[in-house]
Amino acid sequence: MTDERPVPAGVDPNRPSSARIYDYAIGGKDNYAVDREVAETVFALAPEMPSMARQNRRFLGRVVRYLAEEAGIRQFLDIGSGLPTQQNVHEVAREVDPRCRVVYVDYDPIVARYGDALLATSDDVAFVQADLCAPDDYLGHPDLQRLIDFSEPVAVLMVAVLHFIPDGSGPVDVVARLRDLMAPGSYLAVSHVTNEFRPEEIAKLVAVSGRSGAPWVARDRAEIMRFFDGFALVEPGLVTAPEWHPHIAQPVDPEKMWVYAGVGRLG
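One structure accompanies this document, and this report is about it.

Procedures and definitions
Residues numbered from 1 in each chain as written. Predicted model: local features only at pLDDT ≥ 70, side-chain atom pairs only at ≥ 80, totals over all residues. Heavy atoms only, no water. Helix = DSSP H or I, 4+ residues; strand = E, 2+ residues; numbered from the N terminus. Rg over C-alpha atoms; globule rule 2.2 N^0.38 Å. Contact = heavy atoms within 4.5 Å. Areas by Shrake-Rupley, 256 points an atom, 1.4 Å probe, with all protein chains shown as cover. Lys, Arg positive; Asp, Glu negative; His and termini not counted. Charge placed at Lys NZ, Arg CZ, Asp CG, Glu CD. Buried < 20%, exposed > 50% of the residue type's maximum accessible area, 1.4 Å probe, protein only. Arc of directions from axis to C-beta. Expected span 1.5 Å × (residues − 1). Phe/Tyr/Trp six-rings, centres within 6.5 Å; stacked < 30°, edge-to-face > 60°. Lys NZ or Arg CZ within 6 Å of the ring centre and 35° of its normal. Pairing = 2+ DSSP bridges.

### Considering the overall build of the chain
Across its full length, the chain carries 10 helices and 8 strands. Relative to a compact globule of 267 residues, whose C-alpha radius of gyration would be 18 Å, the chain shows 17 Å and is just as compact. Principal-axis analysis of the C-alpha atoms gives the chain an extent of 45 × 40 × 40 Å. Expressed as a percentage of contacts within the chain between residues at least 6 apart in sequence, the contacts between residues at least 24 apart total 71%. Surface exposure of the chain reaches about 12100 Å², of which carbon and sulfur atoms provide 50%. Charge-centre separation for the chain: the mean point of 26 positive side chains lies 3 Å from the mean point of 39 negative side chains.

### Things to note about helix 8 (residues 171-181)
The α-helix winds at 3.6 residues per turn, so residues separated by three or four positions along the chain end up facing the same way. When helix 8 is considered as a whole, its buried residues turn out to be P171, V172, V174, V175 and L178. Here the buried residues of helix 8 occupy an arc of 160° about the axis, which is enough to place them on one side. For helix 8, exposure combined with an orientation more than 90 degrees from the buried face picks out D173 and D180. Its buried side turned inward, helix 8 meets strand 1 (75-79), helix 6 (135-139), strand 4 (155-159) and strand 5 (187-193).

### Notes on helix 3 (residues 49-69)
Helix length check: helix 3, at 21 residues, gives a terminal C-alpha distance of 30 Å against a target of 30 Å (1.5 Å per residue), a fit within 8%. Where burial is concerned, most of helix 3 is hidden: 15 out of the 21 residues are buried.

### Some details on the packing of aromatic side chains
Per the counting criterion, the structure on display carries 5 aromatic pairs. Aromatic side chains Y24 and F43 sit 6.1 Å apart centroid to centroid with 10° between the ring planes, which places their arrangement in the stacked category. Separated by 19 residues along the polypeptide, Y24 in helix 1 (residues 18-25) and F43 in helix 2 (residues 33-45) bring together distant segments of the chain. The class for Y24 is partly exposed, based on a relative accessible area of 22%. Put simply, the rings of F59, Y66 and W244 touch in pairs and so form one group of aromatic residues. R221 extends its terminal NZ or CZ atom over the ring of Y260, reaching a point 4.6 Å from the ring centre.

### Comments concerning the pairing of strand 2 (residues 101-106)
Counting buried positions over the 6 residues of strand 2 gives 5, a clear majority of the element. Pairing geometry for strand 1 and strand 2, over 5 bridges, is parallel. Bridged to L77 within strand 2 is V103. Note: strand 2 against strand 3 (residues 125-129), 5 bridges, orientation parallel. Considered in strand 3, the bridge of V103 is made with A126.

Here's what the structure looks like:
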């Protein structure tokens, strides 16, 4: 595969991007050679990674449909949204109710470029380029304030993003800041890699991610549960991603699916 497309302004094609690596893992085409190189290094250590990425994406789709259909949520804030692909949050939510409002937030310039192009056709969907750890930058954005009313129940989606935030950057505090704005009846959805099942192999993967320029942090169950402080977990609780409200029940080998996922309700 060659990279013959023009490089968008602000995008460094020689520096790996977690969003583009994830895009490659789920079979997307919006990635560069450097992203594929990092991804293949990770896949060599953990061949299950592409399957995990796809399962994580399916978890997101099930969460959005559950929240729109069963919880009656009509506004969604997807933080760390990544590159647009099939069955995006607004597409799934608006299959249930076309009035659903969605705001995507991501800091990656290439995500911003594709996000703007994809979402330009709808007044009820917006993209905000901002860092998860700088909540003032997105909470104060005019498009977010236009579409998201925190006095009403809202779903905040933080799927496969918090493991890219080191403890020193205060991810628990950021989630708490959002929680304190959310009305009772709001929901938080999180998926996060864990080191509980294959700690030695996960440690190697974390080290590789650090050297690659797209570092991430694996956390155990107790550490991930801190993101849900103040929320009551929806059944079945914090489980591996395929086990959360599966369309078809299937055996899950945690040795090959080391991503915890859960949804919490506020109030």
